[in-house]
Amino acid sequence: MSPTTTSKRSEGTLEGDPLLARLADLPAVPVDPAAAEALRRSARAELLERATPRPLFARLSLAWSNVGLPALLAASGAAYTWSSIQLMRRIFLS
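Note that this is a predicted model, so its numbers are computed, not measured.

J.: Before we move on, can you summarise the overall build of the protein with the specific residues and values?
T.: Within the protein, the regular secondary structure consists of 4 helices and 0 strands. Across the 94 residues that make up the protein, the buried fraction comes to 0%.

See the structure below:
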């Protein structure tokens, strides 16, 4: 698809997204057709890779790193703070 032609989907996207509209207004840069095709293939391969469903291990690993580990670190920090406060109370207030 050339930069001058747009589909109905991209027109609707441009209306709602000011960044995409500004990007569409940028002038076209002359590019070697072979380099443009290589870039297009690389981008398409990346998009297809992102679109494929992730295996269970990858999803669990992502969930652990986004939710489990931060929760564990926050809980251990809270437990350490609580025990430090209790120890200071016993030392200085008794």
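J.: So what's going on with the pattern of salt bridges? Residues and values would help.
T.: Pairs can form between side chains of opposite charge once their charged atoms are near each other. Applying the stated criterion across every chain yields a total of 1 salt bridge. Taking the shortest distance from any N to any O, the salt bridge between Arg40 and Glu37 comes out at 3.0 Å. Residue Arg40 and its partner Glu37 are both found in helix 3 (residues 33-51); the two are separated by 3 residues, about one turn of the helix. Accessibility expressed as a relative area gives 43% for Arg40, which makes it partly exposed. Owing to a relative accessible area of 35%, Glu37 belongs among the partly exposed residues under this scheme.

J.: Can you lay out helix 3 for me, pointing to particular residues and giving the numbers?
T.: Under the 1.5 Å per step criterion, the end-to-end length of helix 3 is 27 Å for 19 residues, consistent within 8% with the ideal 27 Å. The element helix 3 is barely covered by neighbouring structure, given that only 0 of its 19 residues are classed as buried.

Thresholds, definitions, all that
- Residues numbered from 1 in each chain as written.
- Predicted model: local features only at pLDDT ≥ 70, side-chain atom pairs only at ≥ 80, totals over all residues.
- Heavy atoms only, no water.
- Helix = DSSP H or I, 4+ residues; strand = E, 2+ residues; numbered from the N terminus.
- Buried < 20%, exposed > 50% of the residue type's maximum accessible area, 1.4 Å probe, protein only.
- Salt bridge = Lys/Arg side-chain N within 4 Å of Asp/Glu carboxyl O.
- Expected span 1.5 Å × (residues − 1).

By themselves, these are just geometric observations and shouldn't be taken as functional.
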